[in-house]
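# Fold and contact review
If you want the building blocks of each chain, they are given just below.
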Amino acid sequence: MTQSPAVRTSGASGPVRIGERAARTLVTELARRNDPKAALLVGAAPESPVLAAAIEGLLPGDRLTVVPAEGSSAAALREHVSAQGRWVADRVRVVDTLAEADAAEVVIAAEPFTGTADEARVAVDGLSKYLSDGAVLSVAAPLFRTEGAGTELDRQGMLHGVRTDLVLRNSPPVRVHHLRFTPASAAVAARLAPAYRPSSVPLTRSMHIDSNGVAAAGISLGLAALARVTRPKSKLWLLPALAAAPVAAFFRDPERDVPEDPSAVVAAADGQVLSVQRLHDERFGEGEWLRVAVFLSVLDVHVNRAPVAGKVVDYFVADGGFVNAMKPDAEHNVAAYTMLETEHGPVVVAQRTGLIARRIVQRAPVGALLAKGERFGLIRFGSRTDVYLPAEAAEPLVGPGDKVVGGSTVIARWV
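What counts and how
Residues numbered from 1 in each chain as written. Predicted model: local features only at pLDDT ≥ 70, side-chain atom pairs only at ≥ 80, totals over all residues. Heavy atoms only, no water. Buried < 20%, exposed > 50% of the residue type's maximum accessible area, 1.4 Å probe, protein only. Helix = DSSP H or I, 4+ residues; strand = E, 2+ residues; numbered from the N terminus. Polar contact = N/O pair within 3.5 Å; in protein donor to acceptor, adjacent residues only side chain to side chain. Phe/Tyr/Trp six-rings, centres within 6.5 Å; stacked < 30°, edge-to-face > 60°. Pairing = 2+ DSSP bridges. Axes fitted to C-alpha atoms, helices over the stretch in contact; angles between N-to-C directions. Contact = heavy atoms within 4.5 Å. pLDDT = per-residue confidence, 0-100. 1 Å grid on protein atoms, 1.4 Å probe; cavity = no way out; pocket = protein on both sides within 12 Å on 5 of 7 lines; lining within 4 Å. Points joined across faces, edges and corners; volume = space filled by probe spheres on them. Parallel < 35°, antiparallel > 145°, perpendicular 65-115°, else oblique. Nonpolar A, V, L, I, M, F, W, Y, C, P; charged D, E, K, R; others polar. Domains from an automatic or database assignment. Buried area = accessible area lost by both parts, 1.4 Å probe. Salt bridge = Lys/Arg side-chain N within 4 Å of Asp/Glu carboxyl O.

Under the annotation held in an unreviewed UniProt entry, the chain carries the name Phosphatidylserine decarboxylase and is attributed to Micromonospora kangleipakensis.

With that settled, the discussion passes to helix α3 (residues 49–56). Three or four residues apart is the spacing at which side chains of an α-helix point the same way, because the helix has 3.6 residues per turn. Residues of α3 that are buried: V50, L51, A53, A54 and I55. Put simply, S48 is the residue that caps the front of α3, since its side-chain oxygen is 3.1 Å from the backbone nitrogen of V50.

This part covers the packing of aromatic side chains. Summed over all chains, the structure comprises 7 aromatic pairs. On the numbers, 5.5 Å between centres and 50° between planes, the contact of F284 with Y337 is tilted. With a gap of 53 residues between them, F284 in the loop between β14 (271–280) and β15 (288–296) and Y337 in strand β18 (residues 335–342) connect regions that are remote in the sequence. Each member of the pair, F284 together with Y337, is buried.

The strands making up a sheet are joined through hydrogen bonds of the backbone, oriented either antiparallel or parallel. Strand order in the open sheet made by the 3 strands is β16-β22-β20, with antiparallel pairing throughout. Looking at strand neighbours, the two that pair on one side only are β16 (303–305) and β20 (359–362), the edges of this open sheet. Strand-to-strand twist across the sheet, computed as the mean angle between neighbouring axes with direction ignored, equals 20°. Pairing of β20 with strand β22 (residues 375–380), which is carried by 4 bridges, proceeds in the antiparallel orientation. Note that in β22 the partner of V361 across the bridge is L378.

A few words on the environment of L131. Positionally, L131 belongs in strand β7 (residues 131–142). Looking at L131, the relative accessible area reads 15%, which means it is buried. With 24 residues separating them along the chain, L131 and V107 place their C-alpha atoms 6.8 Å apart. For L131, the residues in contact, after removing those within four places along its chain, are A103, A104, V107, V136, L137 and F181.

Next up on the list: the confidence of the model for the chain. Per-residue confidence for the chain averages 89 on the pLDDT scale, and 95% of its residues sit at or above 70. Low pLDDT, under 50, characterises residues 6–13; the predicted model gives this stretch 22 contacts beyond four residues in sequence or across chains.

This paragraph deals with the pairing of strand β26 (residues 410–414). Summarising the sheet, strand β13 (residues 264–266) and β26 pair through 3 bridges and their orientation is antiparallel. Bridge pairing in β26 places A264 opposite R413. Two elements, strand β24 (residues 394–396) and β26, share 3 bridges in a ladder whose sense is antiparallel. Bridging from a neighbouring strand, E395 pairs with R413 of β26.

Before going further, it helps to examine the sheet that holds β26. Strand order in the open sheet formed by 3 strands is β13-β26-β24, and the pairing between neighbours is antiparallel. Every other strand in the sheet has two partners, leaving β13 and β24 as the edge strands with one partner each. Neighbouring strand axes in the sheet, compared pairwise and without regard to direction, differ in orientation by 30° on average.

The subject of this paragraph is empty space enclosed by the protein. Counted by the stated rule, this structure contains 3 cavities of 30 Å³ or more. In this structure, the largest cavity occupies an estimated 60 Å³ of space. Lining the largest cavity, in full, are R197, S199, D210, D253, V303, R363, R375, F376 and G377. When residues in the lining of the largest cavity are grouped by element, the largest group, 3 residues, is from β22.

Turning next to the environment of L340. Looking at the secondary structure, you find L340 in strand β18. Sequence separation of L340 and L370 is 30 residues, and the distance between their C-alpha atoms is 8.8 Å. Excluding anything up to four places from it in sequence, L340 contacts V308, G310, K311, V312, V313, G345, P346, V347 and L370.

Here we take up the packing of helix α8 (residues 211–230) against helix α9 (residues 238–250). One way to put it is that α8 packs onto α9 with a least axis distance of 8 Å and a crossing angle of 175°. In terms of orientation, α8 and α9 fall into the roughly antiparallel class. In this structure, α8 uses G213, A216, A217, S220, L221, L223 and A224 to contact α9, whose residues at the interface are P240, A241, A244, V247 and A248. Here the residues of the contact of α8 with α9 sort into 10 nonpolar, 2 polar and no charged.

Our focus in this paragraph is the pairing of strand β19 (residues 345–352). β19 sits mainly inside the fold: 7 of its 8 residues count as buried. Bridging between β18 and β19 involves 8 bridges; their strand directions are antiparallel. Paired with M339 across the bridge in β19 is V348. Where β18 folds back on β19, the antiparallel hairpin that results is connected by 2 residues. Note that β19 and strand β23 (residues 383–390) share 5 bridges and pair antiparallel. Looking across to β23, one finds that Q351 is bridged to T385.

A few words on the domain arrangement of the chain. Domain boundaries in the chain define domain 1 (20–182), domain 2 (207–252) and domain 3 (261–414). One C-alpha centre belongs to domain 2, the other to domain 3; they are set 31 Å apart. Taken together, the contact pairs 6 residues of domain 2 with 13 residues of domain 3. Between domain 2 and domain 3, a total of about 800 Å² is buried, with carbon and sulfur atoms accounting for 53% of that surface. Together, N212, F250 and R252 form the three largest contributors to the area buried by domain 2 at its contact with domain 3, with a combined 69%. For D210, the salt bridge goes to R363, with nearest N and O atoms at 2.9 Å. Tallied by class, the residues present in the side of domain 2 that touches domain 3 amount to 2 nonpolar, 2 polar and 2 charged.

This is the structure in structure tokens:
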């Protein structure tokens, strides 16, 4: 049996295992595509969580080819697949070697890369041969390795990447790299569901907390513990301890029902509409733009979502000040601009800082495809989010003073 390219799964620091959360992250690009597709899973064993997640993500028109891991047999995999029932058996094909596989829209390495940078480069090159045009290769590597496979995958991601997801709830923590080596059409984005993001930590079925909130709450509790130890007779520790909950609540990230209407443009953030106006902005090209500006108070959800389905074609940050986001001068605040290519023309989302907001997080690199309503970043502590649409192609449905909900409220409609 030929060893798959992604099979070196242990090193000096011990074996690296893929748990259920990392497995779900690895198969994201398979699970989110709503059109019939071919997928390839390399290095799987019958008990692999990645195989289970891949099977769970299959739709009726999908085809999945599975290549056994080193030490596992194709016969054992076939028996496992057959035991899942006719529905699964009709859609999953087990081959003896990678050479028997065909090109696919999604290729997944079931085992993490833990070798040297050169070994990772060879493995990526070997798997990339099985990618169809615009396809995605998903692989994992340990987080706590300063050199080797992780370094090489970071480099590959900078050149071609869709995105990188950090999965802390794995033993050990891993980075999951989603790599693309040929351009994808923006039209594909319209057939995608929002990607599963491990940066959104579930509390309940409908409420999540962004990983930034978990970190901030952890810092608050750490300060409380430190104050309790260093000043045991003081009540000072209560301040950071009591602050942990509201700090975490600021980073809440609720699930949203995204309208299925293809003509709907949804709000990029929660908040109050400040203005709806037509204007020109040479930075985004010629023509008139329809801009919907939304103010986010410190009580609003600060996770930003894509207002439309599209492909990220540019991203830049403009320097400026930190004026109250409700004032006209906030126009010149520090802002991050994400430009999307869509079937209806270019769309721009501006994440603006405010008086308190000083940190913008943007997680969608150039080349990434975003589904409508998909999380792509956040702004910390009070801010403003603007959506720019081609004026001749969109009709506004909200006005100043209206309250909107990110990912759900329809703020405009394509005409």
